[in-house]
Amino acid sequence: MHDDNTFYAAAAKLEQQCGDPSDEQQFINFKTSSLLDETQQFPTAYIEYLQQLGYFEYFVPSEQGGQLKSFAQLLLICRALSRRDLNAAIATGQTMLGALPVWLCGSSAQKNQLASHILQGHLGCLALTEKRHGSNLLASEVSATATATGYELSGEKWLINNATKGHTMTLLARKQETSGRSELALLFIDKTNLTEFENLDKINTHGIRCADISGIRFNNTEVASDVVIKTAEPGIYGVMKALQISRILCAGFSLGALDTCLRTTYQFAQSRVLYQRPMLSMPTVSQGLARSFARLLLIEIAALVCSKAIAYAAPSLSVYSAFCKYWVPRQAEIAIDELKVILGARYYLRDEHQFGIFQKMLRDNAVVSLFDGSSQVNLALIATQTNALASKLLAAQETVHDVAKWFSLTSDQASSAIQADELKLNNLGQDPILASFIAVCDSNLITTQSDRMRALYVELKQRILRWCDEIITLKEQELNDPSSVVRFAKAKQYTQLLAATCCALTIIHNPSHLLLSNDDISNDLMSLLLNDTDQWQPCEALLQALAQQFETQKWFSLLPI
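Residues numbered from 1 in each chain as written. Predicted model: local features only at pLDDT ≥ 70, side-chain atom pairs only at ≥ 80, totals over all residues. Heavy atoms only, no water.

Peer 1: Explanation requested: the overall build of the protein in the structure shown.
Peer 2: Helix and strand counts for the protein come out as 19 helices and nine strands. A compact globule built from 561 residues should have a C-alpha radius of gyration of about 24 Å, and the protein, at 23 Å, falls within 12% of that. The buried share of the protein, taken over its 561 residues, is 59%. Residue pairs in contact within the protein that sit at least 24 positions apart in sequence constitute 77% of those at least 6 positions apart. (Helix = DSSP H or I, 4+ residues; strand = E, 2+ residues; numbered from the N terminus. Rg over C-alpha atoms; globule rule 2.2 N^0.38 Å. Buried < 20%, exposed > 50% of the residue type's maximum accessible area, 1.4 Å probe, protein only. Contact = heavy atoms within 4.5 Å.)

Shown next as structure tokens:
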């Protein structure tokens, strides 16, 4: 049972409202989603249904009349929708992405105007990319030229989700003042007030085929002067800070997709008899299912820790958000790849076994590692900070005072009213997660752990310190190019170390948790992160937890949903 005051209560409520997606009688169901996917129809009815359920209220901070109280809460309701339909989850998620710069930097009037749109269920978007420049936002050419009454917009934004369907648009443009000054700025635009613009055609994609991925062309389009989001910082900073939050929230998409793929595969293995024996009794099948289950739990831990870091360690989000956006989708892809081997030919079919939902989720999930900064972009963000991170860790930086609350699986701290000035573009070497773990290893907190768990913690600490030493050696050898192969490899190593540290601190600070208090399960999770090989063997307790959560229709989760 869940407490209505817990940060996961809203997700639990949504689960009850939406019901079992494999049931064709539920409004959002796998059969309907697959039919929409085949015809590439936008899920308009789903969006309207979600608005009736109050889903959009969680995109609006309580200060603006909504229900958003913490980002961990939002992550989990996104997961609840994602396990049913990623098209609807990403379309609504794009609305939150477009809203974040306004919530962080907008005026009271802009916030009120946006809140009104979202609470009515109107979609929005963040228009950043242009076909000629890709992820190089600094090269943006769409212009906003000052006039006597406001600005004239010219140029084209491309590959924008909700560009056509969205009522509102947060736009990155090159603002040209009458004084001759030019700078990148963010504009909040109500599209219902626009004339002289063109919606670009929908772009066909491999996954999320129903999504409105299109673009917009401005033809000397007039907008009022109050559309500019005015800040003391350059406009691009507002984009980068908003992305620090949205990159973490994207983990909800991967969690939902993997949950459905695991559930679908487990159901098949449970009912399938192969070579005169149940599939579930085959060691390689049980290993693959359990390892995917373990990866899902590890992804959940990383996502929850990072979503709560928005409240507990906001100045460190430049690294933590990049870690979450790279590591979580990657691990989900690895797990789904393992599951498709178990599912066999059925993973490739678009209309068999649960209406081909596995194949749809596989395709839809592939987009998560691409938007809001690709894997390449996020590894580069980490690589540029490795020198500072290593130096500070070796110098024994300060830890977080309330680390136990941060890593608790039963509580969260309200964080929806976060201000832009709390977010930084660079961590300046601060890594409170790794620093707190090193401090824990030197304290009495782990004396209650078993010998083998303490041995794993010591091994992790040694690996962290060894990584730091290797980074300092590269620095001394002046091998500092963040785009080099060696720096990218070190950035990938860092993400694995950070994931293992999130797991370790979560185990340590939840000593009475139903699953994590089981020494065998905790050992399985840590071992998968530190020594993942084809010889990894799940313990019986992990297999039982997987079976129990499936049979009782629970989330595959550390949370009781």
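Peer 1: Would you mind showing me how to read the side chain of H513 here?
Peer 2: Looking at the element boundaries, H513 is found in the loop between α17 (485–508) and α18 (519–530). Within the local environment of H513, its side chain forms a polar contact with the backbone nitrogen of L516, the two atoms lying 3.2 Å apart. Setting aside its immediate chain neighbours within four residues, H513 contacts L409 and L558. (Polar contact = N/O pair within 3.5 Å; in protein donor to acceptor, adjacent residues only side chain to side chain.)

Peer 1: What am I meant to see in the nonpolar core here?
Peer 2: For soluble globular proteins, nonpolar side chains are generally found buried alongside one another. Ranked by internal contacts, the top residues of the largest apolar core, which has 184 residues, are F71, Y320, W327, W406, Y457 and M526. By residue number, the principal contributor to this core is helix α9 (residues 283–312), which donates 18 residues. Residues contacting W406, with those up to four places away along its chain left out, are V305, K308, A309, Y312, A313, Y320, V400, P432 and I433. Among the nonpolar cores identified, the runner-up in size contains 21 residues, and V142, L153, M169 and I189 belong to it. (Core = buried A, V, L, I, M, F, W, Y, C linked by side-chain atoms within 4.5 Å.)

Peer 1: Which parts of the structure should I look at to understand the pairing of strand β4 (residues 168–176)?
Peer 2: Regular strands show a simple pattern: their side chains alternate between the two faces of the sheet. With seven of nine residues buried, β4 lies mostly within the body of the structure. Here strand β1 (residues 124–127) runs beside β4; their pairing, made up of four bridges, is parallel. Its bridge partner lying in β4, G124 is registered against T168. Note that strand β2 (residues 143–146) and β4 share three bridges and pair parallel. (Pairing = 2+ DSSP bridges.)

Peer 1: What is the right way to look at the environment of I342 in this model?
Peer 2: Mapped onto the secondary structure, I342 falls in helix α10 (residues 317–343). Owing to a relative accessible area of 11%, I342 belongs among the buried residues under this scheme. Note: C-alpha distance between I342 and D85 (257 residues apart in sequence) is 23 Å. Residues within four places of I342 in sequence aside, it is in contact with T265, F268, M279, V285, G288 and L289.

Peer 1: Explain helix α12 (residues 375–383) to me, please; I cannot follow it from the model alone.
Peer 2: Since one α-helical turn is 3.6 residues long, residues separated by three or four positions face the same way. Residues N378, L379, I382 and A383 constitute the buried set of α12. Summarising the axial view, the buried residues of α12 lie within an arc of 145°, below the 170-degree limit, and thus occupy one face. Here the buried face of α12 lies against α7 (235–249), α10, α13 (386–394) and α17. (Arc of directions from axis to C-beta.)

Peer 1: Explanation requested: the side chain of D259 in the structure shown.
Peer 2: Position of D259 among the secondary structure elements: in helix α8 (residues 251–271). With a relative accessible area of 0%, D259 lands in the buried category. Sequence-distant contacts of D259, that is, excluding residues within four places in its chain, are made with R79, R83, L296, W555 and F556.

Peer 1: Can you help me understand the packing of helix α5 (residues 86–105) against helix α6 (residues 108–119) in this one?
Peer 2: Geometry of a packed helix pair, given as the angle between the helix axes and the separation of the axes. Closest axis-to-axis distance for the α5/α6 pair is 10 Å, and the angle between their directions is 160°. The orientation of α5 with respect to α6, classified from their angle, is roughly antiparallel. Classified by chirality, the crossing of α6 by α5 is left-handed. On α6, the residues that touch T95, A99, V102 and W103 of α5 are Q110, K111, L114, A115 and I118. Considering only residue class, the contact of α5 with α6 consists of six nonpolar, two polar and one charged. (Axes fitted to C-alpha atoms, helices over the stretch in contact; angles between N-to-C directions. Parallel < 35°, antiparallel > 145°, perpendicular 65-115°, else oblique. Left-handed = near helix turned anticlockwise from the far one by under 90°. Nonpolar A, V, L, I, M, F, W, Y, C, P; charged D, E, K, R; others polar.)

Peer 1: Can you walk me through the packing of aromatic side chains in this structure?
Peer 2: Any two aromatic rings considered together are summarised by their centre-to-centre distance and by the angle between their planes. For the structure on display, the rule yields 16 aromatic pairs. Here Y347 and Y348 contribute two aromatic rings whose centre-to-centre distance is 5.8 Å and whose plane-to-plane angle is 70°, an arrangement assigned as edge-to-face. Assessed through its relative accessible area of 21%, Y347 is described here as partly exposed. With a relative accessible area of 59%, Y348 lands in the exposed category. Their ring planes at 75° and their centres at 6.3 Å tell us that Y347 and F358 sit as a pair that is edge-to-face. In this pair, Y347 is assigned in the loop between α10 and α11 (357–365) and F358 in helix α11, connecting sequence segments 11 residues apart. Among the residues examined, F358 registers a relative accessible area of 1% and is labelled buried. The rings of F27, Y46 and Y49 are connected pair by pair, giving a single aromatic cluster. Cation over ring: R263 sits above F556, and NZ or CZ is 4.2 Å from the ring centre. (Phe/Tyr/Trp six-rings, centres within 6.5 Å; stacked < 30°, edge-to-face > 60°. Lys NZ or Arg CZ within 6 Å of the ring centre and 35° of its normal.)

Peer 1: Whenever I open this one, the packing of helix α16 (residues 451–476) against α18 confuses me. Can you help?
Peer 2: Two numbers describe how α16 lies on α18: the axes approach to 10 Å, and their chain directions differ by 25°. By the angle between their directions, the pair α16 and α18 is classed as roughly parallel. Crossing of α16 against α18: the hand is left-handed. Along the contact surface, α16 presents R452, M453, L456, Y457, E459, L460 and R463, while α18 presents D519, D520, S522, N523, M526, S527 and L530.

Peer 1: I'm lost on unusual backbone geometry in this one. Help?
Peer 2: Even without a glycine there, the phi angle at E196 is positive, about 60°. The class for E196 is exposed, based on a relative accessible area of 54%.

Peer 1: For this particular structure, what's the right way to read the pattern of salt bridges?
Peer 2: Close approach of charged atoms allows side chains of opposite charge to pair. In total, this model carries 29 salt bridges according to the counting rule given. The shortest N-O distance in the salt bridge between E24 and K31 comes to 3.3 Å. Using a relative accessible area of 42% as the deciding quantity, one classes E24 as partly exposed. The partner of R454 in a salt bridge is D451, and the shortest N-O contact between them spans 2.3 Å. Within this pair, R454 and its partner D451 are both found in helix α16, separated by three residues, close to a single helical turn. Through salt bridges with shared partners, a single network forms among R79, D259, R263 and E300. (Salt bridge = Lys/Arg side-chain N within 4 Å of Asp/Glu carboxyl O.)

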